[in-house]
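Observations on chain architecture
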Amino acid sequence: MDILWIKTSPIIKSIFSNYVWSIPNHEKKVFLTFDDGPIPEITDWVLDQLKVYNYKATFFCIGNNIEKHPEVFNKLIEEGHAIGNHTFNHFKGWNTPNKTYFKEVELCEVEIQKSSIVNLKSKLFRPPYGKIKPSQSRRLRKLGYKIIMWDVLSADYKKENSKEKCLENVLKNVESGSIIVFHDSIKAFPNLEYVLPKTLQFLSENGYQCEIIR
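Parameters and conventions
- Residues numbered from 1 in each chain as written.
- Predicted model: local features only at pLDDT ≥ 70, side-chain atom pairs only at ≥ 80, totals over all residues.
- Heavy atoms only, no water.
- Helix = DSSP H or I, 4+ residues; strand = E, 2+ residues; numbered from the N terminus.
- Polar contact = N/O pair within 3.5 Å; in protein donor to acceptor, adjacent residues only side chain to side chain.
- Contact = heavy atoms within 4.5 Å.
- Buried < 20%, exposed > 50% of the residue type's maximum accessible area, 1.4 Å probe, protein only.
- Arc of directions from axis to C-beta.

Details of the side chain of N161
Its place among the elements puts N161 in the loop between β6 (152–153) and α7 (163–171). Within the local environment of N161, its side chain forms a polar contact with the backbone oxygen of A155, the two atoms lying 3.2 Å apart. Once residues lying within four places of it in the same chain are set aside, the contact partners of N161 are A155, C166 and N191.

Some words on the side chain of T8
Structurally, T8 is set in the segment before α1 (10–15). On the accessibility criterion, T8 (2% relative accessible area) is buried. Not counting chain neighbours up to four residues away, the residues in contact with T8 comprise K13, W21, W150 and D151.

Some remarks on α7
Of the residues making up α7, those classed as buried are C166, L167, N169 and V170. Seen end-on, α7 carries its buried residues on one side only, within an arc spanning 155 degrees. Of the surrounding elements, those touching the buried residues of α7 are β6, β7 (179–183) and α8 (189–205).

What follows is the structure, encoded as structure tokens:
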């Protein structure tokens with residue numbers, strides 16, 4: 001069974017210090033991230049929710065979804081959100097030969113760069129499932145990627161989690177600098193539909209800003 005880090009401990013952050021787990025600041029800035037899109041209607045709904053508060057987020061996109069839904073992908077960029085690479089087919093690094101894994105990243109990058117938005121450069125990468133071999137990480141970082149992990153995991157994609165539990169995961173653990181993970185996916189949407197509006201309201205009422213990862 002995979003161990004879930006709902007709130008990533010300082011020990012883990014220290015051991016894997018080459019990864020970005022949080023972005024400390026004194027301005028109550030947090031960093032919302034969404035994995036596995038773009039998905040028509042679901043990603044569009046997320047954008048509408050963010051627009052209510054004028055919040056920006058970072059979307060870690062699967063190349064196969066970008067290829068199938070370029071109009072939704074371009075909308076993300078046009079509305080001022082940041083884009084990250086999440087491989088082409090959502091392969092788990094631990095179970096994937098390096099050559100195959102690097103090809104997955106490359107194929108996703110090709111789809112990202114096809115965007116009609118001029119000068120789009122994406123050098124953010126989140127490994128699917130948060131699983132990546134040290135050799136894979138070293139290679140990607142040499143290529144200029146920042147490996148973006150998380151400080152707070154909503155666990156919205158787990159069907160056994162109630163929507164109330166997913167919300168609690170976020171609200172009990174968020175703090176200035178947190179990178180928070182949601183999923184704009186079909187599987188996660190029943191939880192996300194409940195959790196995201198309440199999270200955004202909480203952040204707004206408590207003076208948090210939501211910005212992109214750079």
